[in-house]
Amino acid sequence: MPRATEIERFYDAHAQPLFAFLLNFTRDDADTRDLLQEIFVKLAREPELLHGVREERAFLIRLAHNAAIDLIRRRGTRERTKENFAAETISVFAPANDPDEKIFREELAFALGELPEEQRAIVHLKLWEGLTFDSIAAALDIPPNTAASRYRYALDKLRGRLRPLYEEMKKAE
Amino acid sequence: MMNDEMEQFERRLSRQPLRKVPGEWRGEILAAATVGTRPASNAVRSGFLSTLNHQLSTIFWPHPKAWAGLAAVWIFIFAVNFSMRDKSPVISEKFSPPSPEVVAELKQQQRMFAELIGPRDIYDADRSKSYAPRPRSERVEILTA
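Residues numbered from 1 in each chain as written. Chains lettered and ligands numbered in written order. Predicted model: local features only at pLDDT ≥ 70, side-chain atom pairs only at ≥ 80, totals over all residues.

1. Digging into the overall build of chain B
Each helix and strand counted, chain B has seven helices and zero strands in total. Counting from the amino terminus, helix and strand elements in chain B follow one another as α-α-α-α-α-α-α. Each of the 145 residues in chain B was classed as buried or not, and the buried ones make up 4%. (Helix = DSSP H or I, 4+ residues; strand = E, 2+ residues; numbered from the N terminus. Buried ≥ 20, exposed ≤ 12 C-beta atoms within 10 Å, placed from the backbone.)

2. A short note on the overall build of chain A
A tally of regular secondary structure across chain A gives seven helices and zero strands. In chain A, the order of α-helices and β-strands from amino to carboxyl end is α-α-α-α-α-α-α. In chain A, buried positions account for 36% of the 173 residues. Across chain A, contacts joining residues at least 24 apart in sequence account for 67% of those joining residues at least 6 apart. (Contact = placed C-beta atoms within 7 Å.)

3. Remarks on unusual backbone geometry
All names here are of chain A. The phi angle at Arg27 is positive, at roughly 60 degrees, despite the residue not being glycine. The residue Asp141 is not glycine, and still its phi comes out positive at about 60 degrees. Structurally, the position occupied by Asp141 is in the loop between helix H6 (133–140) and helix H7 (144–172). Asp141 sits in the exposed class, given 9 other C-beta atoms within 10 Å.

4. So, the nonpolar core
Within the largest apolar cluster, 52 residues are counted, with the highest numbers of intra-cluster contacts made by Leu18, Leu22, Leu36, Ile39, Phe40 and Ala64 of chain A. At the level of elements, helix H1 (4–26), helix H2 (29–45), helix H3 (56–89), helix H4 (99–114), helix H5 (117–127), H6 and H7 of chain A together with helix H2 (23–37) of chain B are the ones that each hand at least two residues to this core. Looking at this core, the element that brings in the most residues is H1 of chain A, giving 11 residues. Excluding its chain neighbours within four sequence positions, the residues that come into contact with Leu22 of chain A are Thr32, Leu35, Leu36, Ala64 and Ala68 of chain A. (Core = buried A, V, L, I, M, F, W, Y, C linked by C-beta atoms within 7 Å.)

5. Some remarks on H6 of chain A
Residue and element names in this part refer to chain A. For H6, the full list of buried residues reads Phe133, Ile136, Ala139 and Leu140. Looking straight down H6, one finds that the buried residues subtend no more than 125 degrees of arc, so they occupy a single side. Of the residues flanking the end of H6, it is Asp141, one or two places downstream, whose phi is positive at about 60 degrees. (Arc of directions from axis to C-beta.)

6. What to know about the interface of chain B and chain A
Facing the 22 residues of chain B at the interface are 30 residues of chain A. Among the elements of the structure, helix H1 (2–14) and H2 of chain B are those that each provide at least two residues to the side of chain B that touches chain A. It is H2 of chain B that contributes the most residues to the side of chain B that touches chain A, nine residues altogether. Of the residues assigned to the side of chain B that touches chain A, the class counts are 12 nonpolar, six polar and four charged. (Nonpolar A, V, L, I, M, F, W, Y, C, P; charged D, E, K, R; others polar.)

7. Details of the confidence of the model for chain B
Interpretation of this model should avoid reading the predicted coordinates in detail wherever pLDDT is low. Residues and elements named next belong to chain B. The predicted model of chain B has a mean per-residue pLDDT of 73, with 58% of residues at 70 or higher. Across chain B, helix H5 (residues 100–117) holds the top mean pLDDT of 87, while helix H6 (residues 123–126) sits lowest at 51. Confidence over residues 39–44 falls short of pLDDT 50; this stretch has three contacts with residues more than four positions distant or in other chains. With a pTM of 0.61, the predicted complex shows an ipTM of 0.82. (pLDDT = per-residue confidence, 0-100.)

8. Section: H5 of chain A
With eight of its 11 residues buried, H5 of chain A lies for the most part within the structure. When H5 of chain A is considered as a whole, its buried residues turn out to be Arg120, Ala121, Ile122, Val123, His124, Leu125, Lys126 and Leu127 of chain A.

9. A short note on the packing of H4 of chain A against H7 of chain A
The relative placement of two packed helices is expressed as an angle between their axes plus a distance between the axes. Residue and element names in this part refer to chain A. Direction vectors running N to C along H4 and H7 enclose 175 degrees, while the axes themselves pass 10 Å from each other. Our classification of the angle between H4 and H7 gives roughly antiparallel. Packed against H4, whose contacting residues are Asp100, Ile103, Phe104, Glu107, Leu108 and Ala111, the element H7 presents Leu158, Arg161, Leu162, Leu165 and Met169 at the interface. Here the residues of the contact of H4 with H7 are counted per class, giving eight nonpolar, no polar and three charged. (Axes fitted to C-alpha atoms, helices over the stretch in contact; angles between N-to-C directions. Parallel < 35°, antiparallel > 145°, perpendicular 65-115°, else oblique.)

Written as structure tokens, this is what we have:
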């Protein structure tokens, strides 16, 4: 059984990136909270899971990804409607003071919501976690080439979706 | 040129700050995790239930509608079975044994019928053909005679 301080250390070190990843994946605050709690309860109950783990972050992202996939499967088709609706409203980004930035973040959040979950997960891990394709592949249990191609495909879609706004902001700068 | 633009776009995206995890979650989640480590009976029970729930979800999630349909069919079969069972005493009441008058009448008709057709010669039909093994020579004698 890990000591309470060890769980606290884990939480302080990894809760923020796990939160952002899960929020981007599920597009739902309540689900994100449930999943985050599920992960830390699991770690507290089964400390042997961490034995021999070299990269804690990658391991935790894998746990988070599997838990999120399970949740989405449990939800079923009816709940996907809710998810699609949430994709339009939930933002994974911090609020911005600058109006242009605010609009860009809203549009980006919306565009991310339109991506399939697997592509969204890869984009998130590459752009906001700075993971390599090898690490992403290991975390999501897919081949590195698949991770790279899905990333390119998703980025093209984001760029196409945000192009007018992005070009406008570039001109203004 | 195209690659430069793409890299700029990537950098632009990666600069967007992400939302922070709500501060109040820390206490709640850590409390739940600490409770989860206690070897209390409640924890064990909830652990068992969550495991059972997880196992059932794993089994049922691929085709929940199909499983629900199958369950509905079984419920219907059980319902029909029980309703049939309820009706069985009624049926037995309907087919209660005949009254002594009816029995007497039937016996009377049976007697009359027997008198009309005479005694039945059942002996030939029912008589079993006895077969006693004999020497082959005797059988040939019988045939020739």
